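Residues per chain are reported as follows:
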Amino acid sequence: MNGNEGFFGAFEKTAIFVIIVLLLVIAWLNWQMALFGLLFVIVAYLYSSRALCKQRQQRYEQFNTIAKGITQASNFALQNLPTAIVIIDSKARVCWYNSVFRDWMPQDPDKTQRLNGFIPSLRLDKIWGKSGYFNEKIENKYYRVIYKFIDGTDYKSASDAEVESYMAFYFDDVTESEQLRHEAESMAPVFGFLMMDNIEDVTKGLSDVEYTNLWAEINNAVVEEIDRYDGFVRNYADDSYIFCISKKALMNMIEQNFPLLAKVHNIPTSRRIPATISIGIAAGAATIKEQSERARSGLELALGRGGDQATVYIGEELKFYGGKTQGAEKNTRVRARVVAQAIKELMDDADNVIVMGHEREDYDSIGGAIGVAAMARAAGKSVHVAVSDQTVAIKKLSDLFPTEPGFESLLITPQAAEDFVTDTTLVFVVDVHRPDMVAAPKALQKAKRRVVIDHHRRASDFIEKPLLTYLEPASSSTSELVTELIQYFVDPISLNVVEASALYAGIVVDTKNFVVQTGSRTFDAASFLRRSGADLSIVRHLFMESFDSIKLRAQMLADAERFDGMAITICPEGIQNAAIVSAQTADKLITIEGIEASYVLYNLLDGGIGVSARSQGAMNIQLVMEALGGGGHRTVAGAQLYDITMEEAVEAVKKAAKAQVGTMKKEEKTE
């Protein structure tokens, strides 16, 4: 348009110039004719100008009509697109929405006024100023929500003092495709392995007929449970099964807390030992091979935690179900002999040996480490025990080392242990199997050859690629396990007084003076240590308490709060040996009638909060502590909490404990 206007303007100027020249020529010849011509030109110019203006006005009106039609069509399309649109401000207030949004939402936008009313989980502060999408379920509908930031500065005019920015949300109804996806996921295959984990103990001494009848009952329970979900199951060994079910069936099993565990557990046996099974299941892996490997790993994890439970992998998430039965003590020492021989061979191939327990070592941890050090010395290897920087709890025991020859350099710091580690170093981890809880984590990470000896129920975050794992949850203590290994190592190892006393103290502390989780093998190990020179006066000295600690424990007992048959109390801040005092207080609380479990919280030197938990046995406090990121045994467990206040920690412990009580009641109703 502008180009045309320029063209006509130049043409008019040229025409006027030509007309003026012609009029001047005519005036020179005949001025009357020139005057007449001038009047004619003026009239013609006025007429053409008026016609041109009218033509331009008609053209503008035509364009305005077209533009108005386009605007109306755009508004209609915006209001009636098959996509819900809403615009909100920085406070999540609804500023504008189209008719589709009003029709799709369950509430009236004019009444709800904020987008949080439709999407309660919306965190506007996390997405403000960004663009992206997320999926959301609103009532029975699924939506793909695309959000885009509208920067007010892009539309700011010179007269605007300040501008406000907005967020636009576009809702795309994907209910049909989501339902199809959920249906496909529910039918996805899930692989599992199942094992009768105590069939030898249950059937020992039975006749062939009794054995066959019992095995048939367990087998029928397994097959019927899988058939109930239209699954596939095959018995590939006397005590082992492989099965395949749908993910929907797995979700039903999880919702019912795996009733098969209780069914097998309730099968009557002539020896009155309940039969138990362990299950490993995996779903959501990228390949069938990976899924089967995870299921196998889950079974091994369930067995390592004492059996009578199911371990379920769903994607990267790992959960445990069951685990109510306390691990049965194995009467045979065949495995101890085999492990001892394997340790001897590994030590022969090593240049030096490093032993470590868990940080903030107790007597079981340091006792087991000293026992392994005795084995390494018997094999003629240079050995060191790495202890954490917080060694107040074992100061009494470490003070005994200078009186014994050869112990001057036995205990070293985590930094020194890291310097000692080479490619041929054999590192032993005792009384712990979680890499984040060892005394010298950098030394462990640097080591390529690792051995794990522990009596705690296996957690999901296990030390990676150990050459040998000796995990016995049914054992009373790591010191008991190490004592048995010493007896089968090579030629009889001669323990000195400190070594024998340290191992004996480890058994005493974890069995609470041979009361908790104590079996015949525990007494056999204690007898061997007494014959090897364990000094009970040294052990008594290690467990002596000061007058102030007795008063402190009495105060903590007085301040204890009782809830749901459990008790919880707090160790005052700034107390030396807080971990020991808390453990002793927790032990004392469960001796009170009506208290099934106890929890004592205390401040850690690194700013965290420690939890010492105890149970009489009916309640599995290991599951409570695992919910808080810790672990342990059915009757003795603990956890460490960080980035949390003491009041919040108390509430977290009580919440986890109450949840476990609720689970126990639900399981009892199921049975």
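Scroll up to find the structure this text is about.
Below or above, wherever it landed, is the structure these notes cover. (Residues numbered from 1 in each chain as written. Predicted model: local features only at pLDDT ≥ 70, side-chain atom pairs only at ≥ 80, totals over all residues. Heavy atoms only, no water.)

1. A few points about the pairing of strand β1 (residues 84-88)
Phase 1: Summarising burial for β1: four of the five residues are buried, a large majority.
Phase 2: Relative to strand β5 (residues 166-173), β1 runs antiparallel, the two sharing five bridges. Along β5, the bridge assignment pairs V86 with F169.
Phase 3: Note that β1 and strand β2 (residues 94-97) share three bridges and pair antiparallel. The residue of β2 that forms the bridge with I87 is W96.
Phase 4: Hairpin geometry of β1 and β2 is characterised by an intervening segment of five residues between the two adjacent antiparallel strands and by a positive phi of about 70° at A92. (Buried < 20%, exposed > 50% of the residue type's maximum accessible area, 1.4 Å probe, protein only. Helix = DSSP H or I, 4+ residues; strand = E, 2+ residues; numbered from the N terminus. Pairing = 2+ DSSP bridges.)

2. A word on helix α8 (residues 208-228)
Phase 1: Along its 21 residues, α8 runs 30 Å from first to last C-alpha, staying within 8% of the 30 Å computed at 1.5 Å per residue.
Phase 2: Along its buried surface, α8 packs onto β6 (189-196), α7 (199-203), β7 (232-237), β8 (240-246), α9 (247-255) and α10 (259-265).
Phase 3: Directly after α8, the chain includes D230, whose backbone phi takes a positive value near 55°. (Expected span 1.5 Å × (residues − 1). Contact = heavy atoms within 4.5 Å.)

3. Considering the sheet that holds β8
Phase 1: Read across the open sheet, the six strands follow the order β7-β8-β6-β9-β10-β11; overall the sheet is mixed. The outermost strands of the open sheet, each flanked by one partner alone, are β7 and β11 (317-322). For this sheet the average axis-to-axis angle between neighbouring strands, irrespective of direction, equals 15°.
Phase 2: Of the strand pairs in this sheet, β6 and strand β9 (residues 277-283) are connected by six bridges, and their pairing is antiparallel. Bridged to F193 within β9 is G280.
Phase 3: Together, β6, β7, β9, β10 (309-314) and β11 form the strand contacts of helix α11 (residues 288-304), whose direction differs from that of β9 by roughly 150°. (Axes fitted to C-alpha atoms, helices over the stretch in contact; angles between N-to-C directions.)

4. What to know about the pairing of β5
Phase 1: Across eight bridges, the pairing between strand β4 (residues 141-150) and β5 is antiparallel. Its bridge partner lying in β5, F149 is registered against M167.

5. A look at the sheet that holds strand β16 (residues 449-454)
Phase 1: Pairing is parallel across the open sheet formed by six strands, whose spatial order is β14-β13-β12-β15-β16-β17. Bordering the open sheet on either side are β14 (411-412) and β17 (468-471), each of which pairs with just one other strand.
Phase 2: Taken together, the five bridges between strand β12 (residues 352-356) and strand β13 (residues 382-386) define a ladder with parallel strand orientation. When the bridges of β13 are listed, M356 appears paired with A386.
Phase 3: Set on the sheet, helix α12 (residues 334-348) makes contact with β12, β15 (426-430), β16 and β17; between it and β17 the angle comes to about 150°.

6. Observations concerning the nonpolar core
Phase 1: By size, the foremost hydrophobic cluster in this structure holds 53 residues, and its most contacted members are I343, M347, V355, M375, F428, I453 and L495.
Phase 2: Top contributing element to this core by residue count: helix α13 (residues 363-378), with nine residues. (Core = buried A, V, L, I, M, F, W, Y, C linked by side-chain atoms within 4.5 Å.)

7. Thoughts on the packing of aromatic side chains
Phase 1: Counting across every chain of the model gives 13 aromatic pairs.
Phase 2: Aromatic pair Y363 and F543: ring centres 5.2 Å apart, planes at 65°, arrangement edge-to-face. With Y363 in helix α13 and F543 in the loop between α20 (536-542) and α21 (547-558), this residue pair connects regions lying 180 residues apart in the sequence.
Phase 3: A relative accessible area of 8% places Y363 in the buried class.
Phase 4: One aromatic cluster is present, built from ring pairs that chain together Y97, F101, W104, F118, Y143 and F171.
Phase 5: Above the ring of F193, the side-chain terminus of R296 is found at 4.2 Å from the ring centroid.
Phase 6: The ring of F563 carries K654 above its face, with NZ or CZ at 5.6 Å from the centroid. (Phe/Tyr/Trp six-rings, centres within 6.5 Å; stacked < 30°, edge-to-face > 60°. Lys NZ or Arg CZ within 6 Å of the ring centre and 35° of its normal.)

8. A short note on the pattern of salt bridges
Phase 1: For the coordinates displayed, the defined rule picks out 17 salt bridges.
Phase 2: Of the charged contacts in the structure, one is a salt bridge between E185 and R181, with a shortest N-O distance of 2.7 Å. Note that E185 and R181 are positioned in helix α6 (residues 175-186) at a spacing of four residues, about one turn of the helix.
Phase 3: Taking the relative accessible area as the measure of exposure, R181 reaches 37% and is therefore partly exposed.
Phase 4: The partner of R614 in a salt bridge is D587, with the nearest N and O atoms 2.7 Å apart. In this pair, R614 sits in strand β21 (residues 609-615) while D587 sits in helix α22 (residues 578-589), placing the two residues 27 residues apart along the sequence.
Phase 5: A relative accessible area of 7% places R614 in the buried class.
Phase 6: Taken together, the shared-partner salt bridges connect E178, R181 and E185 into one network. (Salt bridge = Lys/Arg side-chain N within 4 Å of Asp/Glu carboxyl O.)

9. A few points about a nonpolar patch on the surface
Phase 1: On the surface, I16, I20, L24, W31, L35, L38, L39, I42, Y45 and L46 cluster together into a nonpolar patch covering about 1000 Å² of accessible area.
Phase 2: With seven residues, the top contributor of residues to the nonpolar patch is helix α2 (residues 31-80).
Phase 3: Structurally, L46 can be placed in helix α2. (Patch = residues over 30% accessible without salt bridge, like charges linked within 9 Å, V, L, I, M, F, W, Y side chains within 5 Å. Areas by Shrake-Rupley, 256 points an atom, 1.4 Å probe, with all protein chains shown as cover.)

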